[in-house]
Amino acid sequence: MRRVLIVLAILLPLMLVGCVSMGLPKVSSRGIYDPARPLIGPQAVSLETWNGARAGLVQAFEREVYGAYPDATQTEMLDHVVVETGAFEGRGDIEEYRLAMAGRETYLVTVTPTEADGPVPTIILQMFCGNRAALGGRADITSSPNDPGCDPDSWFAGAIRMVFGRHIMEPPIAEILDRGYALAIIYPGDIVPDRSSSGLVALESMLPDTPSGAITVWAWVYSRVIDVLDADPRYDRERTAVWGHSRNGKSALLAAVYDPRVDLVIAHQAGTGGTTLSRSHAGESIAQITDSYPHWFSPAYAGFAGNEEALSVDQHQLIALAAPRPVLIGGAWRDQWSDPQDSFRAARSANPVYALYGSEGLRQADMSAYDPTADLALFMRGGLHGVQPSDWDNFLAFLDAHFQP
Ligand code: GCU
């Protein structure tokens, strides 16, 4: 009974946020987005000035939002086993790697098309429920002591799926393999746990001298996966995508800022601290996110709560820092908590930087006119926060348009 009450306490407010916000007019952001005055300032006058401004912008994000990014460390492979060849009815080979990074251990699971004809494009996923759940609960996949324990057969997982969609914990692996992609799945909570107390302890021991946050360490974990993939000729170095939903979407976008080896980003419903503007009045505020998740950001970010105007950077610039690489932002009309309207504004405001590279960037006229062939795109669907089958149709359309045109 106690668990039922806990789950209801978690799920009901989320359902309510979606229902209450449905159809309500959007609270405007504080007039900061003026289409006649793009938010990207003079830095974007030429590619040269933009490149010159880039490092300063990254430092400002570190100082004000995310905290310090760990030093680049080569990932060490401690063990590698082939779990099954020809899994998913002959479609894919499953392998598991035990990795050490910055003195911590975690597991990476890859699923590679069995009949690949040359190096394949890869999608790196950080999943909320961990590797075992992502693979349908297989007992031969190591489950992390830190993951939320979403045993796919449990009533708990059933409830999560019911509210957040069929693919919230398990991507449609057979379909992804059929489209020619390999998957690399990792649970970043092994490196910094997604809990405020143990998360802060892990951050303190990992980066004792500088304030940091879990989002940026998780972004760094995407890069540690690329270390493994890039050493293996089965994976195409020019076609590496990072995917994340919500908190993991925040990290996926940030991964591209730091790592030029990221070729494409899918940040689904990434919201505050991700693709939407911190200075927006809609959706989750800085006060709310830093109060609930004190371990996600630098402590400095909480200092801008209620004083958002004082930020010297905002998330449109984070998107711009990924340019000219393809970035897809996913949203849902009843997921107003993640503020898709201001993600759209942020994306539009990143356009001047895409233009410097000769890309049109976001070229859709409105939020509904998803164009998967554009370098910067946003799609909307009905419903709430979560990962639905139609989301994966949209992700794969974007991946196909850029990786297998
Ligand atoms: C919470 C949080 C969001 C986050 C989301 C998620 O709702 O407030 O910022 O994106 O969890 O990760 O699902």
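As the structure is a prediction and not an experimental result, all values here were calculated from the model.

**Some details on the environment of Pro-121**
Relative to the helices and strands, Pro-121 resides in strand E4 (residues 120–126). Setting aside residues up to four positions removed in sequence, Pro-121 forms contacts with Gly-180, Tyr-181, Ala-182, Asp-236, Arg-239, Phe-403 and Gln-404.

**A look at the state of the cysteines**
The full count for this structure, using the stated rule, is one disulfide. Each disulfide pairs two cysteine sulfurs, and for Cys-129 the partner residue is Cys-150, the sulfurs being separated by 2.0 Å. Its S-S torsion of about -75° marks the bond between Cys-129 and Cys-150 as left-handed, since a negative value means left-handed. One end of the pair, Cys-129, is in the loop between E4 and helix H4 (131–134); the other, Cys-150, is in the loop between H4 and helix H5 (155–164), and 21 residues separate them in sequence. In this structure, Cys-129 and Cys-150 share a single accessibility class: buried.

**Re the packing of aromatic side chains**
Across all of its chains, the model carries 12 aromatic pairs by this definition. Aromatic side chains Tyr-66 and Phe-297 sit 6.0 Å apart centroid to centroid with 40° between the ring planes, which places their arrangement in the tilted category. With Tyr-66 in helix H2 (residues 47–66) and Phe-297 in the loop between helix H10 (286–292) and helix H11 (299–302), this residue pair connects regions lying 231 residues apart in the sequence. We note that Tyr-66, like Phe-297, is buried. Each ring, one from Tyr-69 and one from Tyr-258, has its centre 3.8 Å from the other, and the planes form 5°; the classification is stacked. One end of the pair, Tyr-69, is in the loop between H2 and strand E1 (76–86); the other, Tyr-258, is in helix H9 (residues 247–258), and 189 residues separate them in sequence. An aromatic cluster is defined as three or more aromatic residues linked by ring pairs; in this entry it consists of Phe-61, Tyr-66, Tyr-293, Trp-296, Phe-297 and Tyr-301.

Cut-offs and rules
Residues numbered from 1 in each chain as written. Predicted model: local features only at pLDDT ≥ 70, side-chain atom pairs only at ≥ 80, totals over all residues. Heavy atoms only, no water. Helix = DSSP H or I, 4+ residues; strand = E, 2+ residues; numbered from the N terminus. Contact = heavy atoms within 4.5 Å. Disulfide = S-S within 2.5 Å. Buried < 20%, exposed > 50% of the residue type's maximum accessible area, 1.4 Å probe, protein only. Phe/Tyr/Trp six-rings, centres within 6.5 Å; stacked < 30°, edge-to-face > 60°.

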